[in-house]
Amino acid sequence: MLQFIKKKFTGGHYRKFLKKTEPVVVEINRFDESYRGLSDEQLQAKTAEFKQRFTDGEDLDALLPEAFAVVKNAARRLMGRSITVCDQQWEWDMVHYDVQLVGGMALHQNKIAEMATGEGKTLVATLSLYLNALSGRNCQLVTVNDYLARRDSEWMGHIYKFLGMSVGCIQNSMRPEDRREMYERDITYGTASEFGFDYLRDNGMATRKEDQVQRDHFFIIIDEVDSILIDEARTPLIISGPAQQETELPFVQLKSVIERLVREQNKLCNRLVPEAKNEFTSDGGDELAACEKLLQVKLGAPSNKQFLRVMEVGKYRKAFEKFELDMSSDFNKEQYYALKENLYFIIDEKAHQADLTENGRKLLRPNDDDAFLLPDLPTIFMEIDSEDGVPDKEKDRRKAESQHRFEAVSEDIHCISQLLRAYSLYERDVEYVVQNGKVLIVDENTGRLMPGRRWGDGLHAAIEAKENVTIEKETKTYATITIQNFFRLYEKLAGMTGTAETEANEFHDIYRLDVIVIPTNEPNQRVDYNDLIFKTRREKYNAAVSDIKEAQSRGEPVLVGTASVEASEVLSRMLKRANIPHNVLNAKFHQQEAEIISRAGQRGAVTIATNMAGRGTDIKLGEGIPDIGGLLVLGTERHQSRRTDRQLRGRCARQGDPGLSRFFISLEDDLMRLYSKSGIASKVLENSFVEGEPLEHKWLNPAIERAQKTVEQHHYSIRKRLLQYDDVLNKQREVIYGIRNDAIHTEVPRDIIFELIEEELEFRMEETGMMDVKKAGAESLELFLRWTNGHFPIALKTGECEDLVIEDLSRFVLEKIKSAYATKESVEDPEAMRMLERFVIIHSIDRHWQDHLTEMEELRQSVGLRGYGQKDPLNEYKNEAYVYFEQMMNIIRASVCSGIFRSSISVTSPENMLAQLSRSARTTGPADAVEAFAAAAGRAAAGPGTEPGTEGAKLPKVTIKREHPKVGRNDPCPCGSGKKYKKCCYPKYG
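Each residue is numbered by its place in its chain's sequence as written, counting from 1. Local features are withheld for residues below a pLDDT of 70 in this predicted model, meaning they are given only at 70 or higher, and side-chain atom pairs are given and counted only at 80 or more; totals for whole chains, interfaces and linings count all residues. Remark: hydrogens and water are excluded; side-chain values derive from all non-hydrogen atoms of the structure.

Engineer: How should the overall build of the protein be read in this particular structure?
Structural biologist: A count of helices and strands for the protein gives 36 helices and 22 strands. Burial classification: accessible surface area is computed with a 1.4 Å probe over protein chains only, and a residue below 20% of its type maximum counts as buried, one above 50% as exposed, and the rest as partly exposed. Counting across all 990 residues of the protein, residues that qualify as buried make up 51%. Contacts spanning at least 24 positions in sequence make up 73% of the contacts within the protein whose residues lie at least 6 apart. The protein chains shown are the only cover counted for residues, whose accessible areas, like all others here, come from Shrake-Rupley with a 1.4 Å probe. Put simply, the protein shows about 46,500 Å² of open surface, and 49% of that area lies on carbon and sulfur atoms. Put simply, DSSP marks the helices as runs of H or I at least four residues long and the strands as runs of E at least two long, and each gets a number from the N terminus on. Whether two residues touch is decided by their heavy atoms; if any such pair falls within 4.5 Å, the residues are in contact.

Engineer: Is there a simple way to explain the side chain of Gln-265 in this structure?
Structural biologist: Considering the arrangement of structural elements, one finds Gln-265 in helix H11 (residues 251-281). Look at Gln-265 and you get buried, because its relative accessible area is 0%. Definition of a polar contact: a pair of N or O atoms within 3.5 Å, with one able to donate and the other able to accept a hydrogen when the atoms are protein atoms, and with sequence-neighbouring residues admitted only if both atoms are side-chain atoms. There is a polar contact of 2.6 Å between the side chain of Gln-265 and the backbone oxygen of Phe-345. Residues in contact with Gln-265, not counting those within four places in the same chain, are Gly-300, Leu-343, Tyr-344 and Phe-345.

Engineer: Honestly, the pattern of salt bridges in this entry has me stumped. Any pointers?
Structural biologist: Pairs can form between side chains of opposite charge once their charged atoms are near each other. A pair is scored as a salt bridge if a Lys or Arg side-chain nitrogen falls within 4 Å of a carboxyl oxygen belonging to Asp or Glu. Enumeration over the complete set of coordinates arrives at 68 salt bridges. Residue Glu-181 pairs with Arg-185 through a salt bridge whose shortest N-O separation is 2.8 Å. For Glu-181, a relative accessible area of 40% translates into the label partly exposed. A salt bridge links Lys-824 to Glu-828; the nearest nitrogen and oxygen atoms lie 3.9 Å apart.

Engineer: Explanation requested: the environment of Val-805 in the structure shown.
Structural biologist: Summarising the element assignment, Val-805 is placed in the loop between helix H31 (798-801) and helix H32 (806-826). Separated by 35 residues in sequence, Val-805 and Met-770 have C-alpha atoms that sit 9.9 Å apart.

Engineer: Just checking my understanding: could you explain the nonpolar core for this structure?
Structural biologist: A general trend in soluble globular proteins is that nonpolar side chains are found buried together. We define the nonpolar core as a collection of buried residues of types Ala, Val, Leu, Ile, Met, Phe, Trp, Tyr and Cys that are connected through side-chain atoms lying within 4.5 Å of one another. Formed by 90 residues in total, the largest nonpolar core has its most connected members in Leu-229, Phe-487 and Phe-507. The residues touching Leu-229, leaving out its near neighbours within four places in the chain, are Ile-222, Ile-483, Phe-487, Phe-507, Tyr-511 and Leu-513. Counting residues in hydrophobic clusters, the runner-up holds 60 residues, among them Leu-78, Leu-134, Met-156 and Ile-518.

Engineer: Just checking my understanding: could you explain the pairing of strand E2 (residues 88-91) for this structure?
Structural biologist: Two faces belong to every sheet, and in a regular strand the side chains alternate between them. Strands are treated as partners if at least two bridges between them are detected by DSSP. Both strand E1 (residues 82-85) and E2 contribute to a ladder of four bridges, which runs antiparallel. Pairing of Thr-84 across the sheet is with Gln-89, part of E2.

Engineer: Could you clarify how one ought to interpret unusual backbone geometry in this entry?
Structural biologist: Negative phi is the rule for most residues except glycine; trans is the rule for most peptide bonds. Look at Asp-87: it is not a glycine, yet its phi comes out positive at around 65°. Among the secondary structure elements, Asp-87 is positioned in the loop between E1 and E2. In this structure, Ala-795 is a non-glycine residue whose phi angle is positive, near 50°. Within the secondary structure layout, Ala-795 lies in the loop between helix H30 (778-791) and H31.

Engineer: Hey, could you run me through a negative patch on the surface in this one?
Structural biologist: Taken together, the side chains of Asp-742, Asp-751, Glu-755, Glu-758, Glu-759, Glu-762 and Glu-766 present a region of like negative charge at the surface. Per-element tally for the negative patch: the top contributor is helix H29 (residues 750-767), with six residues. Along the chain, the position of Glu-755 falls in helix H29. By definition, no residue in a patch forms a salt bridge, and every one has over 30% relative accessible area; like charges are joined within 9 Å, nonpolar side chains (Val, Leu, Ile, Met, Phe, Trp, Tyr) within 5 Å. Counted charges follow a simple rule, with Lys and Arg positive, Asp and Glu negative, and His plus the chain ends left uncounted. Charge coordinates come from a single atom per side chain, which is NZ of Lys, CZ of Arg, CG of Asp or CD of Glu.

Engineer: What exactly am I supposed to notice about the sheet that holds strand E3 (residues 111-114) here?
Structural biologist: Across a sheet, strands are paired by hydrogen bonds formed along the backbone, either parallel or antiparallel in direction. Pairing in this open sheet of seven strands is parallel, and the strands run E5-E6-E4-E7-E14-E3-E15 from one edge to the other. Pairing within the sheet leaves two strands with one partner each, and these edge strands are strand E5 (167-169) and strand E15 (514-517). Averaged over neighbouring strand pairs, the angle between their axes works out to 20° when direction is ignored. Axes here mean lines fitted to C-alpha atoms, for a helix over just the part in contact, with angles spanning 0 to 180 degrees between N-to-C directions. Lying over the sheet, helix H6 (residues 121-133) contacts strand E4 (139-143), strand E6 (187-191), strand E7 (219-223) and strand E14 (492-497), oriented at roughly 175° with respect to E7.

Now the structure itself:
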């Protein structure tokens, strides 16, 4: 009753939107009627007419009725034609319904159109894509995989090409030049990852305009928007490569002891369950002792099969849950801690964590009490420094030993933790599969494989060690962005799906997208039966097989939904034993996805599919199937997201076809184990029910949905938190990519260099105290000039600068630097100099930005611990991220200042430049700074990035005449290091 009342008073904005579109739909159909008398050429000429009208100032909203009518008319003219799609011959049989016109308007107005499966979302997108492409800017459509991107671009491309629009498709293996061509077209299809990675490559890796492939970010439609913006949003897009410095972590060496630890824990839990059951059933048994043992099993092996069987008995379950609730109070924390310490490790399924107990630590390291104790390095270093009479070399050696022990212990603790998670929380064929000697992650929401993706923080390597496959080298992040922040780059963002209403709040909060539920073209004829709840998975699967066999005997097609690869294969084996022919579609058979799904509506067909496999492909019913009830959808487990269940149900009953759906659930399912401990479901499950006889009641369905809603809220909070952290990095990313793109596109990159140099001069003035009236003086000026003379070949003297005010001094020094740079330019090829300038800027940015990304990731992982100190981790992250970014920008500016004069296109150019500078040095000041600079330039002559001490090209000797005394061995070094000359650049030491 409450749900009925709620529906009556909600959805007002849907009705308001639909009311507004009614007259527009009438107008579109009127134009369509008038266009029927036009020839093909006259209709096609409308595209050029619309483009001209847009150029003349008419907006897209005003063009909408006519543009939509042109697209609809073009679809009508294609009716009955044979078309080629993915190398197959199809017959065009689609013309836009009125509800599809409404969907097209919703997309154009930056909304999410929720349209039931089979309502033709692929065709709907053509309306708004054509309209927005009239602006001359690239419009894009995102699909969930490469196959659908190619299929839809070729399929709908017949409309676009008929109307004179160009259409392209981005595929995974495409070359950069081909990608650029596809983005140059009016409309481009592709996947979210391809568009996102192209953005990262363009802005974070490209070094020339010719390397960048994308145009701007104008209008994009996301098909299956809930899958991409919700499910995939927890995993950021990352481009990575091999880390520069890398040590092999001891996963393989530690594997055997972890396996022993897991075996011991399993033995302990397998012993505790029968003991607890005996306490429950025997006369005089101790119920409290039984509950203690069961709590230990739940903490140490929550998916233990014996434990789950005991939990099926209502009175045992009720007693245990009451005891568990009591143990969570502060009064019993000592007893709770003691129970945990009897185990070897503790598993937290919800948090996906596993922690060692003292027993576990002793088992792993029986003879080393300090094996899991990190050395306190600051204290150790202070104690070493405070010792009198110990030589400095001995102190340094002991510090290095302490540092090495700290690193070794850290690595051991880290590897043990990740191996423990790999063995106790990550199951093969559930969270991942092994193919061709590689561990491939299975997307928990779509059931699809994610090749190239790796779990972070060493977890993936731990699973590779567990599965005895080659451990791939750890990588370093070169560029990264979250799905949320990538799509928020677009001026206009829209989406379409069959299931968005349940996540409407998140779409509005994160993306400012409103969800509009579009009515179906034909009334929905699907019958949704109540869920059936069984005690065990075995009973559930037996009942499912029985229903499948019965349906197949009637010729009724069946689509069976499973939650994991493992479940689909278990069910497949049971169907084989029952001699029921069937197809299996899971992460291992991803390539055949669309083909298998498209045949699922034929007479007697049985198709097993994981989660949302097959999204984007219609299941058309075979001949005579509607007469026997249509497609039967059987879900073998409720997913943690209501959207996934709705998507599975929606696979049947398209376009008014009949259909049936039902879910089979067991108490052993993860959703029931972890989240169904309150409300009506818990009350019903307190009582035992007879094995083999399922529970069925209409009250249980909403109770289960409430459990799903709890999980959805948890996942939403994770995604929102991830976005809050990435928003901090996103602002920094915008600054870095802005400078980088300016360097790539400007015709005069030296202007950027001089801007950075000017900023660096101001920073150095502040650092040396020249900006502070109280501190400014001869010493500050000397420090400042020492730095400038060490980084630039200008050889300034104190006397030239001491009478200048701060603003004049900054301009004076900058003009000197520009003059020296003009001298450098005079001996270089101008075009080559532009390339060199771009290289210096981009190389400095990339090297330090990549290091910064690593530091930011480490900061994000570590800052969470500050919550224990009553500090908000996000605020702490923001504060430190600002400091990190400021330091990085300082380093980048300093790197540009150092690199621009120390880099050269040819080997002889530094010789010519320094010869000219030496001649001018006779009249401008001491040449010693120039000589010191020459030494540094000689080290860099082989090319940018050559490090001191490496083999490089040797420059011819340049003779420099001096008119001033040489710097003394005990004088400050003119390079600005702060050291004495004899300890720095003097030939004996340099």
